[in-house]
Structure formats: structure tokens, C-alpha cells
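What follows is the residue order along each chain.
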Amino acid sequence: MADGPRHVAIIMDGNGRWARQRHLPRAMGHKRGVEAVRNLLRGVRGMGLEALTLYAFSSENWRRPADEIDDLTRLMKHFIRSDLDEIAANGVRLKIIGDHSAFDEEAVALIDGALTRTAGNTGTTLAIALNYGGQQEIVRAARAAAAQGEITEDTLAAHLDTADMPPLDLLIRTSGEIRLSNFLLWQSAYAELSFTDVLWPDFTVDHLRQAVAQFAGRERRFGGR
Ligand code: FPP
């Protein structure tokens, strides 16, 4: 059996449908989505994951109504205020992929503070994708690589937002959608993909363990045979 994954990424989808099914406002779906994040972070301790990357806000999410963007921003700020102590105490190194400078001043200050506070931690890297798009990331990385010399797979990868993280092993998407939606496009080249119908607020560490068990049972060939 293969070793467990070093780096897992999740497209957390289905908050809106979770709320609609219960005749609740969308904001309640996002709130329960944050609770699912909190419980998952607690649940993965001891699993030996080196990195976990969560898609919290895509570069396309700016097209959502302003009040929903406000709700998501408020939830993020609240999450940092309420959970940073616990995250830091557990040795987690926080990282942002994408460009969080587009959020409001208060959010940027909270995020920057959280990054500084956890920068020296040596446990799991928790990367939150904020204002992130995979195509934009590849363009930025290609430009940076070209400015320094030749563009090769290695020089480009060295300029991706994930450059200091282990290779992506397993990408999970919840809520039954079978798309990458501009997430970790370069990094997914050899990742195992796992799609589940579970809506994000209902996703637990047991679902993650199931996906990891499937991963361990698959033989990855990286194009060889
Ligand atoms: C997709 O559900 C989810 C999002 C666009 C936001 C994901 C964000 C969170 C779960 C909160 C993350 C917060 C932290 C602190 C990491 P959707 O609204 O697209 O659902 P739908 O497709 O059912 O409408």
C-alpha cells in the first residue's frame, strides 16, 4: 500500500445548497462551512499531513453579490480572531496563496498578523487560497521565471505560490461538481482527484480519511507504467 498523502487540497463547495436545503440564508451555509473547517483542522491533527490547502475565495468570487462577499470577509476575520490561538498553539504554519491584499484593510492586517505569528511554526502548513486563480498564478510565475532566465517546468514551479510546499497528492471537491474551477491547475498535474456528493458544511474528517484510504489504494504511475 502506498504511503499516505503529504499534501491534500480541498475545493470546499456546497455551502449555498446546504443552506437552501434547510430554507436558511446563504450566510448560514458559509457559517457552517467555517465550522467544518475548524472541525477538520482539529480532526487532521496526528494524521501526519505536511500540507492542507483550502479554496476559500476564488478570483472569480468577486462576481458574487456585495453582501455575500461581506459575509465571507466577516467570517474570515472572525475565524482568525477566534481560532488563531489554537492554530498557532498546534504548530500550524499559515500561508495564503493568491492575493489577499484585495480584501479590506482590517482583513489584510489580521491575515498579515496571522502569517507573521505562525511563520516559524514547523507543523502542518495550512494554505488558504484567497482571491486565488490557478491561471493567474501560472502567468505570474511564468513572468517571474522569465525575468530571471529560462522558463522550464522547474523554474516556473519555483515561482508558484506553492513553491515551498510538498507536491499536491490528493485534490478533493465536495458537493458533486466535477470541475477544477481554476484551482491548483499546475499542481494537479499528477494529483489523485476525489469527488464527493457531500456538501461542504457536512464534510468531516471521516470523509477525508475515506478519500485518503482510496488514495493509499491507488497506484500512482506519474506517466510511467
Ligand atoms: C462554496 O459554496 C464555498 C465558498 C465560495 C466559500 C468557501 C468558504 C468557506 C467554507 C469559509 C472558509 C473560511 C475560512 C476561514 C477558511 P457555494 O456558496 O458556492 O455553494 P453552492 O455552490 O451550493 O451555492
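Use the structure listed above.
The text that follows walks through the structure, step by step, so that each part is easy to find.

Rules used in this analysis
- Residues numbered from 1 in each chain as written.
- Predicted model: local features only at pLDDT ≥ 70, side-chain atom pairs only at ≥ 80, totals over all residues.
- Heavy atoms only, no water.
- Buried < 20%, exposed > 50% of the residue type's maximum accessible area, 1.4 Å probe, protein only.
- Helix = DSSP H or I, 4+ residues; strand = E, 2+ residues; numbered from the N terminus.
- Pairing = 2+ DSSP bridges.
- Phe/Tyr/Trp six-rings, centres within 6.5 Å; stacked < 30°, edge-to-face > 60°.
- Near = heavy atom within 4 Å.
- Polar contact = N/O pair within 3.5 Å; in protein donor to acceptor, adjacent residues only side chain to side chain.
- Areas by Shrake-Rupley, 256 points an atom, 1.4 Å probe, with all protein chains shown as cover.
- Nonpolar A, V, L, I, M, F, W, Y, C, P; charged D, E, K, R; others polar.
- Axes fitted to C-alpha atoms, helices over the stretch in contact; angles between N-to-C directions.
- Parallel < 35°, antiparallel > 145°, perpendicular 65-115°, else oblique.
- Left-handed = near helix turned anticlockwise from the far one by under 90°.
- Contact = heavy atoms within 4.5 Å.
- Salt bridge = Lys/Arg side-chain N within 4 Å of Asp/Glu carboxyl O.

## Regarding the pairing of strand 1 (residues 7-11)
- Within strand 1, 5 of the 5 residues are buried, which leaves the element mostly enclosed by the surrounding structure.
- Across 5 bridges, the pairing between strand 1 and strand 2 (residues 51-58) is parallel. Along strand 2, the bridge assignment pairs Ala 9 with Thr 53.
- Two strands pair when backbone bridges link them, and strand 1 and strand 5 (residues 170-173) are joined in this way by 4 bridges, in the parallel orientation. What sits directly across from Val 8, in strand 5, is Leu 170.

## Observations concerning the packing of aromatic side chains
- Tallied over the entire structure, the rule returns 7 aromatic pairs.
- Ring centres of Tyr 55 and Tyr 132 lie 5.9 Å apart, and the angle between their planes is 80°; on these two criteria the pair is classed as edge-to-face. With Tyr 55 in strand 2 and Tyr 132 in strand 4 (residues 125-132), this residue pair connects regions lying 77 residues apart in the sequence. With respect to burial, Tyr 55 and Tyr 132 carry one shared label: buried.
- Grouping aromatic residues by their ring pairs yields a cluster made of Tyr 55, Tyr 132 and Phe 183.

## Overview of the site of the ligand
- Near the ligand there are 17 residues, and of these Met 12, Gly 16, Arg 17, Arg 26 and Arg 64 occur at the shortest range.
- At 3.0 Å, a backbone N or O of Gly 16 approaches an oxygen atom of the ligand.
- The side chain of Arg 64 places a nitrogen or oxygen atom 2.8 Å from an oxygen atom of the ligand.
- The fraction of the free accessible surface of the ligand (620 Å²) that becomes covered by protein chains is 91%.
- Counting residues per element, the ones that place at least two in the shell around the ligand are helix 1 (15-21), helix 2 (26-44) and helix 3 (66-89).
- Top element by residues in the shell around the ligand is helix 2. It accounts for 4 residues.
- Tallied by class, the residues present in the shell around the ligand amount to 7 nonpolar, 6 polar and 4 charged.

## Considering the sheet that holds strand 3 (residues 93-98)
- Taken together, 6 strands build an open sheet; the order of strands is 3-4-2-1-5-6 and the sheet is parallel. At either margin of the open sheet sits one strand with a lone partner, and together these are strand 3 and strand 6 (192-195). Averaged over all pairs of adjacent strands, the angle between their axes in this sheet comes to 20°, without regard to strand direction.
- Judged from the 4 bridges that link them, strand 5 and strand 6 form a sheet pairing that is parallel.

## Notes on the packing of helix 3 against helix 4 (residues 105-118)
- For the pair helix 3 and helix 4, interaxial distance at closest approach is 10 Å and the crossing angle is 20°. One element, helix 3, and the other, helix 4, form an angle in the roughly parallel class. The two elements helix 3 and helix 4 meet at a crossing, and its hand is left-handed. Residue-level contacts link Thr 73, Lys 77, Ile 80, Arg 81, Leu 84, Asp 85 and Ala 88 of helix 3 to Glu 106, Ala 107, Leu 110, Ile 111, Ala 114, Arg 117 and Thr 118 of helix 4.
- Partitioning the contact of helix 3 with helix 4 into residue classes produces 7 nonpolar, 2 polar and 5 charged.

## Structural notes on the pattern of salt bridges
- A complete count under the given rule lists 20 salt bridges for this structure.
- Arg 45 serves as the salt-bridge partner of Glu 86, at 2.7 Å between the closest nitrogen and oxygen. Taken as a pair, Glu 86 in helix 3 and Arg 45 in the loop between helix 2 and strand 2 lie far apart in primary sequence, 41 residues in all.
- A salt bridge links Arg 64 to Glu 68; the nearest nitrogen and oxygen atoms lie 2.9 Å apart.

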